[in-house]
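Geometric and topological summary
These are the residues of each chain, in order.
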Amino acid sequence: MKRKKMLAVAAVIIVLSITLITAAAVTIYKYSEADGKMISKTVNRVNIEVANTEFTFDKPDDSGALLCTTTVSIEKTEADFYGLLNSITLSGQEFEYTLYTAGKDNGDSAVLPQNVTLPVKDGETYPLTWEISFAVPYEEGKNEYNVSLDINYTTGLKTNTTQRYLTSVPINITVNN
């Protein structure tokens, strides 16, 4: 009986170890390196931060796609300013999919990055954040892919003095062949 319990515990440990190793391998397999950060302080009355703007792959995934994840944050520079995020989109390539995941502090009204008023709480501004995952189809022999992350927003000192802006952030994808 004691031996059966020991064998069962050993089997569970082996299965968990294989699961953890597989999960780590899948994570590493997505891209060998993700780097690059673009921070713009005070661009048209907003702060924009984009993390992970450069991706390097050793090879595409099993479906033939290059899977990337970047994070975007946007915040008004002053609580009294007006700010509206019109949209965040990707362009420059064909995409198998684009998935937006709202940050935990975004609230229910900012699930998707479109037509969202930039918030103030207790007289202080705070950023809205989205994680954007996307897949670019791999083309045999192609080593570089250029994507544009386009942030479209409206700002002004007050709602009746607003202007619409577009800030584009380049995302570079490289495949080592």
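Residues numbered from 1 in each chain as written. Predicted model: local features only at pLDDT ≥ 70, side-chain atom pairs only at ≥ 80, totals over all residues. Heavy atoms only, no water.

Counting secondary structure elements, the chain contains one helix and 11 strands. Listing each helix as α and each strand as β along the chain from the N terminus yields α-β-β-β-β-β-β-β-β-β-β-β. Put simply, the chain has 177 residues, and 36% of those count as buried. Partitioning the intrachain contacts of the chain with sequence separation of at least 6 by distance along the chain shows that 70% fall at a separation of at least 24. Of the roughly 10600 Å² that the chain leaves accessible, carbon and sulfur atoms contribute 53%. (Helix = DSSP H or I, 4+ residues; strand = E, 2+ residues; numbered from the N terminus. Buried < 20%, exposed > 50% of the residue type's maximum accessible area, 1.4 Å probe, protein only. Contact = heavy atoms within 4.5 Å. Areas by Shrake-Rupley, 256 points an atom, 1.4 Å probe, with all protein chains shown as cover.)

To continue, consider the confidence of the model for the chain. Per-chain confidence: the chain averages 84 in pLDDT, with 81% of residues scoring 70 or above. When the criterion is pLDDT under 50, residues 6-29 qualifies, and its contacts beyond four places in sequence or with other chains add up to four contacts. (pLDDT = per-residue confidence, 0-100.)

Moving on to unusual backbone geometry. Located in the positive-phi region is Asn-52, a residue other than glycine, with phi close to 65°. Note that Asn-52 resides in strand β2 (residues 46-57). Exposure remark for Asn-52: the relative accessible area of 23% places this residue in the partly exposed category. Here the phi dihedral of Asn-115 falls at roughly 50°; this positive angle occurs in a residue that is not glycine. In this fold, Asn-115 is placed in strand β6 (residues 114-117). Residue class for Asn-115 comes out exposed when judged on its relative accessible area of 59%.

Within the secondary structure, Phe-57 sits in strand β2. C-alpha of Phe-57 to C-alpha of Cys-68: the two residues are 11 residues apart in sequence and 9.9 Å apart in space.

Positionally, Asn-106 belongs in the loop between β5 (97-102) and β6. A relative accessible area of 6% means that Asn-106 is categorised as buried. In this structure the side chain of Asn-106 is engaged in a polar contact, spanning 2.8 Å, whose partner is the backbone oxygen of Thr-129. In contact with Asn-106, other than residues within four places in its own chain, are Leu-128, Thr-129 and Trp-130. (Polar contact = N/O pair within 3.5 Å; in protein donor to acceptor, adjacent residues only side chain to side chain.)

It is worth spelling out the nonpolar core at this point. Counting residues in each nonpolar core, the largest one holds 31 residues, and the members touching the most others are Leu-66, Ile-74, Ile-88, Phe-134, Leu-149, Ile-151 and Ile-173. Mapped by element, the contributors of at least two residues to this core are β2, β3 (65-76), β4 (82-91), β9 (128-137), β10 (144-156) and β11 (162-175). Once residues lying within four places of it in the same chain are set aside, the contact partners of Leu-66 are Phe-57, Pro-60, Phe-134, Ala-135, Val-136, Tyr-138, Tyr-145, Ile-173 and Val-175. (Core = buried A, V, L, I, M, F, W, Y, C linked by side-chain atoms within 4.5 Å.)

For side chains of opposite charge, pairing can occur when their charged atoms come near one another. Within this structure, the stated rule accounts for one salt bridge. A salt bridge links Lys-142 to Glu-139, with the nearest nitrogen and oxygen atoms 3.9 Å apart. The exposure class assigned to Glu-139 is partly exposed, which follows from its relative accessible area of 43%. (Salt bridge = Lys/Arg side-chain N within 4 Å of Asp/Glu carboxyl O.)

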